2 protein chains.
Amino acid sequence: MNNKVLLTDLYELTMLQAYAEHKLSATAVFEFFVRKLPQQRHFLLAAGLEQVVTYLEELSFTAADLEWLAGEGHLGQDFVDSLADFRFTGDVDAMREGTAFFADEPILRITAPIAEAQLVESRVVNILHLQSLIASKAARCVLAAPDRMLVDFGMRRAHGAEAALAAARASYLAGFSGTATVRAGQLYGIPLYGTMAHSFVQAHDSEVAAFRAFAESHPQNCVLLIDTYDTLQGAGKVVSIAQELARRGIQIKAVRLDSGDLAALSRDVRQLFDENGLSDIGIFASGSIDEYRLAELARQQAPIDGYGIGTHLDVSADAPYLDCVYKLQEYDGIARRKRSTGKATWPGRKQVFREYAPDGIMERDELALVDCVCPGEPLLQPVMRNGRRVVEIPGIEQVRAHAAAELKLLPASLKGLEEVQPYSVSVHDALQHLAAEVDRRTAQHA
Amino acid sequence: MNNKVLLTDLYELTMLQAYAEHKLSATAVFEFFVRKLPQQRHFLLAAGLEQVVTYLEELSFTAADLEWLAGEGHLGQDFVDSLADFRFTGDVDAMREGTAFFADEPILRITAPIAEAQLVESRVVNILHLQSLIASKAARCVLAAPDRMLVDFGMRRAHGAEAALAAARASYLAGFSGTATVRAGQLYGIPLYGTMAHSFVQAHDSEVAAFRAFAESHPQNCVLLIDTYDTLQGAGKVVSIAQELARRGIQIKAVRLDSGDLAALSRDVRQLFDENGLSDIGIFASGSIDEYRLAELARQQAPIDGYGIGTHLDVSADAPYLDCVYKLQEYDGIARRKRSTGKATWPGRKQVFREYAPDGIMERDELALVDCVCPGEPLLQPVMRNGRRVVEIPGIEQVRAHAAAELKLLPASLKGLEEVQPYSVSVHDALQHLAAEVDRRTAQHA
């Protein structure tokens, strides 16, 4: 992770200078939430909290940062000097990573002196947006192919290095089996998977020579790519060498299909392998896979054991961003809201209360103020107090288990890909009254 | 930039082990190109070369990398040990950053021992894809609003930190005026712009108090956000304080509109300011802006002087990825190609020759082999030889000037947003013959 403090928008710094010069230093409460779900998303999965906490803990300006800022021209020297001691000393409350959430529900609240809570806006949104975006896309893939192995193959077309690493992490926590991105394995302990590329086959004089060479070098982890020239001929070559390799202790684990009609080809390849006593060889597929293709291949009963999912996962291609924001909800003890056309927000410190049906399935959420005595489970819990973590942030395996549990508790209608009635999120009366009161007060001051 | 060598796909490393164990160490030629342009793109702009060169120069495994790899389980100890001396010693030829390019045209060629050329695949694609994607999107915005100031506002919804920095760089080279991302200013020397957020207004007891405070702190760079409660009332408050501030030497530079009907509001605000002798105050707009909105606002003659463009730019929302690849075209002196269904490639070392009409406008490109004596300008030029740069990589300002020149030379039809006849790229006869020959040879070895 890149935790440079200058990963922020210029206006955060110019606002900080104005706050400082006009003595606005009281406590501010900001909340991160998604205003509206993309049309193709029935729920979202919260992700990125661990990286946000690390970012907040490490936040400080280096001497080089300050020198550069002072020379850059937008800020005054006195203000820049005052940043030398800047640290995050505030509180964070958040939903656990892997928790399902919906529109208007805060997944993270920061309560801190306004300068601290303001400066971190850009990067906090940047982190939570990306990981929640990808975790939510990955969850749809997992639900569309619940009994298949899914692997993140998207590094090359992810939007940069950090996006590739975030995609590996977010898809794993949402239920993927692992990733091809080696650095993600090193950083996060995510299982690594890989096959071979067309270039490997092409570099050899024949496909058989390429298969044999790879198998000899990776007798325990041999997945052969068979579509470089012709998929069925490639499968035939696998048959022609499999027994000889097996005698030498080399077990071909699987083949990979990367083009053509995957349903038809996988059936033909499966049949060929089965007829030749090679039922142990699995079939892995890749190439423009997403949740819609997974559902279609499931419907066609394609005998494919696992999928490599790249571009569509790593850029969340059908919905490449979330309409998410980080908004001031309270300052100096007074609730606030903006009323901009089409972008009004709910004021005050909020909590999300979730109620479950007798069978354990999620039934409805209520968006309420933190002091509400409401039925249901309060989803935001303390994470940091006075700039330090007050709970152990769950590791990736715990988050993954929690996400799996969450997906089980989703109403059935939300698990599919068809358009559905949105999940019920109601706004508590007290919150509606507060919003009206804030509006009256703002109007008086206008 | 994150130049960790383990930013790669696992299969690159498992293939490298097989190459090493089977003595495949001859020279390989890989080319990066886009197979097919997104439907909404009539041309692309090449970007990211500078970062690729730096990556290749810095490529090496640390002792910690090797120790981790040896323990990870997919690779043999001897092979891992052999990586200690790994360096990139090959050649790079590429189109200049900022050059317009089209489907099937290589913008970068790497010629190196196969292990080196193979290992870098994942990250080279990752870098060139993202920057070319964003530069191309940004160029469309520039063409849709040629006489307006455009600023990248997208950091928060870019896919991670690196994506935000790449978007700032790529949009600037394509003709944007600057970015709000402070770290991009520090890293790349890109001009920084910023206004204020709704939270700043909300934190004050009244909008006027907020405007006054910000203006006092930033007398030279005062852009006031006026839509927090009601845009026209906000504009009225600007009028109410502008003269008093002016007497104190504080010039309000502009106001920002961030919601509502931007065409209608900008007209009303412009009229109000003009009627009150405030013609110097500019109007800046933001909020879901992209090239389509820019074109529409231009058509409506909205009196908006500049735009902040965020999400739609930074994730290239209407086309969030390019169908780009990095393919083996030659190994050990012999041309290669894959023939996978729908994904066949042109073999051999290629060059793109561009011809111009008498008026200087781009007329047609020819995709040919490097040794072709073809009319037109050869677009790929030497960049690295034996692992070292042999030319000075142009700085960002030079790249920006080149991109501006390229946009001027585009055929008029490609500059618009409507569907058009694609630009003419022909495939040279000799290349077609080579492809047929490669196919015959591959078939013989099948």
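Residues numbered from 1 in each chain as written. Chains lettered and ligands numbered in written order. Predicted model: local features only at pLDDT ≥ 70, side-chain atom pairs only at ≥ 80, totals over all residues.

Thoughts on the sheet that holds strand β10 (residues 282–286) of chain A
All names here are of chain A. Note the following rule: In this scheme, strands are said to pair when DSSP sees at least two bridges between them. Only DSSP runs of H or I with at least four residues qualify as helices, and only runs of E with at least two residues qualify as strands; both kinds are numbered from the N terminus onward.
Spatial ordering of the open sheet is given by β7-β6-β11-β10-β9-β8, a layout of six strands whose pairing is parallel. Whereas interior strands pair on both sides, the edge strands pair on one side only; in this sheet they are β7 (178–179) and β8 (222–225). Inspection of the sheet shows β8 paired to strand β9 (residues 252–257) by four bridges, in the parallel sense. From the neighbouring strand, L224 faces β9, where its bridge partner is V255.

Some points on the pairing of strand β5 (residues 108–113) of chain A
Residue and element names in this part refer to chain A. Here is the rule we go by: With C-beta atoms placed from the backbone, a residue is buried if 20 or more other C-beta atoms are within 10 Å of its own, exposed if 12 or fewer are, and partly exposed between those counts.
Among the six residues that make up β5, five are buried, leaving the element largely enclosed by the rest of the structure. Sheet topology places strand β1 (residues 27–36) next to β5; six bridges connect them, and they run antiparallel. Residue pairing in the sheet places V29 in a bridge with T111 of β5. The sheet contact formed by strand β3 (residues 91–94) and β5 spans four bridges and is antiparallel. Across the sheet, the residue bridging to D93 is R109, located in β5.

Concerning the nonpolar core
Short version of the rule: Note on terminology: a nonpolar core is a set of buried residues of type Ala, Val, Leu, Ile, Met, Phe, Trp, Tyr or Cys, with members joined through C-beta atoms within 7 Å. Residues are defined as contacting one another if the C-beta atoms placed from their backbone atoms lie within 7 Å.
If you look at the biggest cluster of nonpolar residues, it comprises 290 residues, and the most contacted ones within it are L224(A) and L224(B). Every residue in contact with L224(A), bar those within four places of it in the chain, is listed here: M196(A), F211(A), F214(A), V238(A), I252(A) and V255(A).

Points about the interface of chain A and chain B
In plain terms, the rule: Residues are sorted three ways: Asp, Glu, Lys and Arg are charged, Ala, Val, Leu, Ile, Met, Phe, Trp, Tyr, Cys and Pro are nonpolar, and all the rest, Gly among them, are polar.
The interface is formed by 87 residues belonging to chain A together with 87 residues belonging to chain B. Along the lines of polarity and charge, the residues of the side of chain A that touches chain B split into 37 nonpolar, 34 polar and 16 charged.

Some remarks on the relation of the copies chain A and chain B
Counted only if it meets this: When the copies are overlaid, the least-squares fit takes in C-alpha atoms only where the residue has pLDDT of at least 70 in both copies.
Overlaying chain A on chain B yields an RMSD of 0.0 Å, the required transformation being a rotation through 180 degrees with an accompanying axial translation of 0.0 Å. The relationship between the two copies is best expressed as a two-fold rotation axis. The fraction of interface residues of chain A whose copies in chain B are also interface residues reaches 100%, indicating that both copies meet through the same surface.

Observations concerning the pairing of strand β10 (residues 282–286) of chain B
Residues and elements named next belong to chain B. Using the following cut-off: Handedness of a crossover is defined as follows: with both strands directed away from the viewer, a clockwise route from the first strand across the helix to the second makes it right-handed.
Most of β10 sits out of view: four of its five residues are buried. The handedness of the strand β9 (residues 252–257) to β10 crossover, carried by helix α12 (residues 262–275), is right-handed. You can see the chain leave β10, run along helix α13 (residues 291–299) and come back into strand β11 (residues 306–309), and the turn it takes is right-handed.

Topic: the sheet that holds strand β17 (residues 381–385) of chain B
The pairing of strands in a sheet happens through backbone hydrogen bonds and is either parallel or antiparallel. All names here are of chain B. For clarity, the threshold we go by: Angles shown run from 0 to 180 degrees and are taken between the N-to-C directions of axes, each axis being a line fitted to C-alpha atoms and, for helices, limited to the stretch in contact.
Strand order in the open sheet formed by seven strands is β13-β12-β1-β5-β3-β17-β18, and the pairing between neighbours is antiparallel. The sheet terminates laterally at β13 (334–335) and β18 (388–389), the two strands that pair on one side only. As paired strands, β17 and β18 are joined by two bridges and run antiparallel to one another. The residue bridging R385 from the neighbouring strand is R388, located in β18. Contacts from helix α2 (residues 49–58) reach β3 (91–94), β5 (108–113), β17 and β18 within the one sheet, and its direction differs from that of β17 by about 20 degrees.

Re helix α6 (residues 121–144) of chain A
So the rule is basically this: By this rule, a helix spans an expected 1.5 Å times one less than how many residues it contains.
In this model α6(A) runs 34 Å from its N-terminal to its C-terminal C-alpha over 24 residues, within 8% of the 34 Å that 1.5 Å per residue would give. Along α6(A), 24 of the 24 residues are buried, which leaves the element largely enclosed by surrounding structure.

Structural notes on the domain arrangement of chain A
Residue and element names in this part refer to chain A. Spelled out, the test is: Per the annotation, domain bounds derive from an automatic or database assignment of domains.
The domain architecture assigned to chain A consists of domain 1 (10–134 + 319–445) and domain 2 (145–314). Across the boundary between the two partners, domain 1 contributes 14 residues, which contact 16 residues of domain 2. Every element with two or more residues in the side of domain 1 that touches domain 2 is listed here: α6 and α15 (396–409). If you tally residues by element for the side of domain 1 that touches domain 2, the top one is α15, at six residues. Here the side of domain 1 that touches domain 2 is composed, by residue class, of 10 nonpolar, two polar and two charged.

What to know about the packing of helix α11 (residues 231–247) of chain A against helix α12 (residues 262–275) of chain A
Residues and elements named next belong to chain A. This is how it is decided: Note that the term roughly parallel is reserved for angles under 35 degrees, roughly antiparallel for angles over 145, roughly perpendicular for angles of 65 to 115, and oblique for everything else. Crossings are assigned a handedness: left-handed for a near helix turned anticlockwise from the far helix by less than a right angle, right-handed for a clockwise turn.
In the contact formed by α11 and α12, the axes pass within 10 Å of each other and the chain directions differ by 20 degrees. On the basis of the axis angle, α11 is roughly parallel to α12. The interaxial crossing formed by α11 with α12 has right-handed handedness. Mapping the contact onto sequence places T231, L232, A235 and V239 in α11 and L265, D268, V269 and L272 in α12.

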